[in-house]
Amino acid sequence: MTDNTARLDHVVLWVRDPVASAGFYEKTVGMETVRLTDFAEGRAPFPSVRLNEDTILDLMPLTMAERMRMLPGAVESSGHPVNHVCLAMPAEDFEELRGRLEESSVPVSDIDHDSFGARGKARRSFYFRDPDGNVFEARHYD
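All values reported here derive from a predicted model rather than from experimental measurement.

Cut-offs and rules
Residues numbered from 1 in each chain as written. Predicted model: local features only at pLDDT ≥ 70, side-chain atom pairs only at ≥ 80, totals over all residues. Heavy atoms only, no water. Pairing = 2+ DSSP bridges. Helix = DSSP H or I, 4+ residues; strand = E, 2+ residues; numbered from the N terminus. Axes fitted to C-alpha atoms, helices over the stretch in contact; angles between N-to-C directions. Salt bridge = Lys/Arg side-chain N within 4 Å of Asp/Glu carboxyl O. Buried < 20%, exposed > 50% of the residue type's maximum accessible area, 1.4 Å probe, protein only. Polar contact = N/O pair within 3.5 Å; in protein donor to acceptor, adjacent residues only side chain to side chain.

1. Overview of the sheet that holds strand β3 (residues 48-50)
Line of reasoning, step 1. The mixed open sheet is built from 4 strands, whose spatial order is β1-β4-β3-β2. Looking at strand neighbours, the two that pair on one side only are β1 (10-15) and β2 (32-34), the edges of this open sheet. Between one strand axis and the next, the sheet turns through 30° on average, direction left out of account.
Line of reasoning, step 2. Both β2 and β3 contribute to a ladder of 3 bridges, which runs antiparallel.

Structural data, given as structure tokens:
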């Protein structure tokens, strides 16, 4: 049976170097790469990284911005019009992510407590940027 519950399928991030960005998300954030070899060999327009079985992040090269014609003004979206993307995870994964970011010398914010999100108040959260300046929040509810 198909589950037709609405859910987030993917987020497209503008990046300068998709291969380097995929490496950051794989090694530092702990995500699985998708279509990276296909992209490197010219068979896919961009690679992705998998957040979970339902959601991926597409790593769209900034060089493709001029081809974004799906809506009027889409080409102008190649910047950072999104405030941040939030990744919710178990407490253990939260700790491991923060450790990997710090080991990789990625600046992280102080830890916040009880910030509101899709599942109510998160026990703890913090923010970090990817190599292209996209802002992420990591949080856990348990």
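From this point on, the discussion continues.
2. Section: the pattern of salt bridges
Line of reasoning, step 1. Within the structure shown, the criterion is met by 7 salt bridges.
Line of reasoning, step 2. Here Asp54 makes a salt bridge to Arg7, at a shortest N to O gap of 3.5 Å. Highlighted residues: Asp54 in the loop between β3 and β4 (56-61) and Arg7 in the segment before β1, separated in sequence by 47 residues.
Line of reasoning, step 3. The salt bridge involving Asp132 is made with Arg16; its shortest N-O contact spans 3.4 Å. Separated by 116 residues along the polypeptide, Asp132 in the loop between β7 (120-129) and β8 (135-140) and Arg16 in the loop between β1 and α1 (18-29) bring together distant segments of the chain.

3. A closer look at α1
Line of reasoning, step 1. Here α1 has its buried residues at Pro18, Ser21, Ala22, Gly23, Phe24, Tyr25, Thr28 and Val29.
Line of reasoning, step 2. Its side-chain oxygen 3.2 Å from the backbone nitrogen of Val19, Asp17 forms the N-cap of α1.
Line of reasoning, step 3. Downstream of α1 by a residue or two, Gly30 has a phi angle that is positive, lying close to 90°.

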